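Summary of structural features
Now for the letters of each chain:
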2 protein chains.
Amino acid sequence: MSELSTATATPVPTLKFYLREGLLHAGERTSPNQAQYDESHINRVRLVRALIDVGGLPVARAAEVVSAMQRDDLPVHSVLGIAQRAVTERLAPSSAPEEESPSGTGRRLIDELCARRGWRVHRENPGLAMAARVLDAYVALGQDALLEALDAYADAAELVARADLAAVAAAGERSRGDRTEMVDVVIVGTVLGDALAAGLRRAAQEHASLERFPAPDLDHDRQDTPC
Amino acid sequence: MSELSTATATPVPTLKFYLREGLLHAGERTSPNQAQYDESHINRVRLVRALIDVGGLPVARAAEVVSAMQRDDLPVHSVLGIAQRAVTERLAPSSAPEEESPSGTGRRLIDELCARRGWRVHRENPGLAMAARVLDAYVALGQDALLEALDAYADAAELVARADLAAVAAAGERSRGDRTEMVDVVIVGTVLGDALAAGLRRAAQEHASLERFPAPDLDHDRQDTPC
DNA sequence: CTCATGTGGATAGCGTAACTATCGATAGTG
DNA sequence: CACTATCGATAGTTACGCTATCCACATGAG
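The structure contained in this document is the topic of the report that follows.

Rules of the game
Residues numbered from 1 in each chain as written. Chains lettered and ligands numbered in written order. Predicted model: local features only at pLDDT ≥ 70, side-chain atom pairs only at ≥ 80, totals over all residues. Heavy atoms only, no water. Near = heavy atom within 4 Å. Polar contact = N/O pair within 3.5 Å; in protein donor to acceptor, adjacent residues only side chain to side chain. Helix = DSSP H or I, 4+ residues; strand = E, 2+ residues; numbered from the N terminus. Nonpolar A, V, L, I, M, F, W, Y, C, P; charged D, E, K, R; others polar. Salt bridge = Lys/Arg side-chain N within 4 Å of Asp/Glu carboxyl O. Buried < 20%, exposed > 50% of the residue type's maximum accessible area, 1.4 Å probe, protein only. Least-squares fit on C-alpha atoms with pLDDT ≥ 70 in both. Contact = heavy atoms within 4.5 Å.

1. As for the protein's contact with DNA strand D
Near DNA strand D, the surroundings consist of 21 residues, among which A:Met1, A:Ser2, A:Arg29, A:Tyr37 and B:Asn33 are the closest. Those atoms of DNA strand D that come within 4 Å of the protein belong to sugar or phosphate at a rate of 68%. Between a base oxygen of DNA strand D and a side-chain N or O atom of B:Asn33, the distance comes to 2.7 Å. The contact in question runs from a phosphate oxygen of DNA strand D to an N or O atom on the backbone of B:Val59, over 3.3 Å. Of all the elements in the fold, those that place two or more residues in the surface near DNA strand D are helix H2 (12–21) and strand S2 (34–36) of chain A together with helix H2 (12–21) of chain B. Residue contributions to the surface near DNA strand D peak at five residues, all from H2(B). Partitioning the surface near DNA strand D into residue classes produces eleven nonpolar, six polar and four charged.

2. Quick notes on the pattern of salt bridges
A complete count under the given rule lists 32 salt bridges over all chains for this structure. Linking A:Asp164 and B:Arg201 is a salt bridge whose minimum nitrogen-to-oxygen distance equals 3.1 Å. With A:Asp164 in helix H9 (residues 150–174) and B:Arg201 in helix H10 (residues 179–212), this residue pair bridges two chains. Given a relative accessible area of 5%, A:Asp164 falls into the buried group. For the salt bridge of B:Arg108 with B:Glu112, the shortest nitrogen-to-oxygen distance reads 3.1 Å. Placement of both B:Arg108 and B:Glu112 in helix H6 (residues 105–117) is noted, with a separation of four residues, approximately one turn of the helix.

3. Structural notes on the relation of the copies chain B and chain A
When chain B is fitted to chain A, the residual RMSD is 0.1 Å, and the transformation amounts to a turn of 180 degrees plus an axial shift of 0.0 Å. Such a turn and shift between the copies fits a two-fold axis. Using C-alpha coordinates, one finds that chain B approaches the rotation axis most closely at B:Ala156, a distance of 2.2 Å. Looking at chain B, 100% of its interface residues are interface residues in chain A too, so the copies touch through the same face.

So yeah, pure geometry; function would need other evidence.
See below:
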């Protein structure tokens, strides 16, 4: 186990904790108090740490995700749904089980958006509720200007979704349709993709901000080295 | 105060807590133990709750954000930076103060991306580090297919960033350049925009997934009503 | 005038999440 | 055979976001 610990830069107590929580499958027993861990455990720990540290998933969600990955009976499509739910509930710990929006305006805008773009999406898709909440907040805060950005956001979402699916397809081709490979891409892409998109958004925002309001010379304390 | 509480659907003890934490400015005193709260307090509470509940900011970050909003000396551009830092540190609670990536591959890819697209961005932009972490994770997990999606993500980021800045400009025009109006848009757009983008991404993913792998009839337990 | 109710201010407590520390009974290792 | 490591269990720790309680006082209905 200490090998596994050094290989993954994870303290032993944490590994034990992950074992308890079902994030990590048990090693192969060689005696009542000894077990052998292999490559699969290393990869699993790396995946789990990426989901938690980089993707920001709570441990319990990560456990759901990995257990879904292991179930061979689930179609890839369903695994996507589980990953989506996991990563969505990180950002929006919805209070009520079945939350009713105060006005429903956000939800209406989202439904109209889907219709406008011909998106075929289940009504229960967690992203729809999430987006609707944001729009409700925009309305409540009187941010009409931001509401007008909705279609641009949808364009962007289509762009990344197509890229995501292309990545899944590419992995599928490379592995000749191996399910676990494709599921891996779906999980990692769904969970970490949010963070990637958010990070790039910050960079693009700064770039766009400098282009539009060219007055960057106020922060003299930091290097003006452009990236 | 109970008025404020009912107007914002927030328990009184929570309002007191927000006052303590500097999220809410004190009311105008009418006597040693009485204060008058006005519209600005209602708006502030709504904003704070949106940042925390919808945007997922920790209370401490939200406090930084609102204090930056109130400082009239800061240019709008710097407020954007503060908002970016606040929302980034939510998703990536970076352990070390100055974190060095294990390999630096992710950072190199990001720098190349910026150069390729001509993005002028400070090296310290929190989004760059965030994106670099994700790419490092992709590399560590052997997800080359996802690395190839990077440019599509950058395209999408440009799209939303342009829309964000357009919203700021629109608000600026409507208010004839009123600083607080523009700052409001920047804060709300930066913090909640992530959630909106993430939500729409889920919907677009499901749509794209159904288009590419048309086998949706396995989840009989849920309504197949398309949105 | 009085007294229940509400207020602001301070301090302490609670519940969850994610670890972290310790313990006891072994089990390989030099 | 001493010594470190392991497994499993239980308990403790830290951080966060509230929530509860207490107090002295201030209104305002009766």
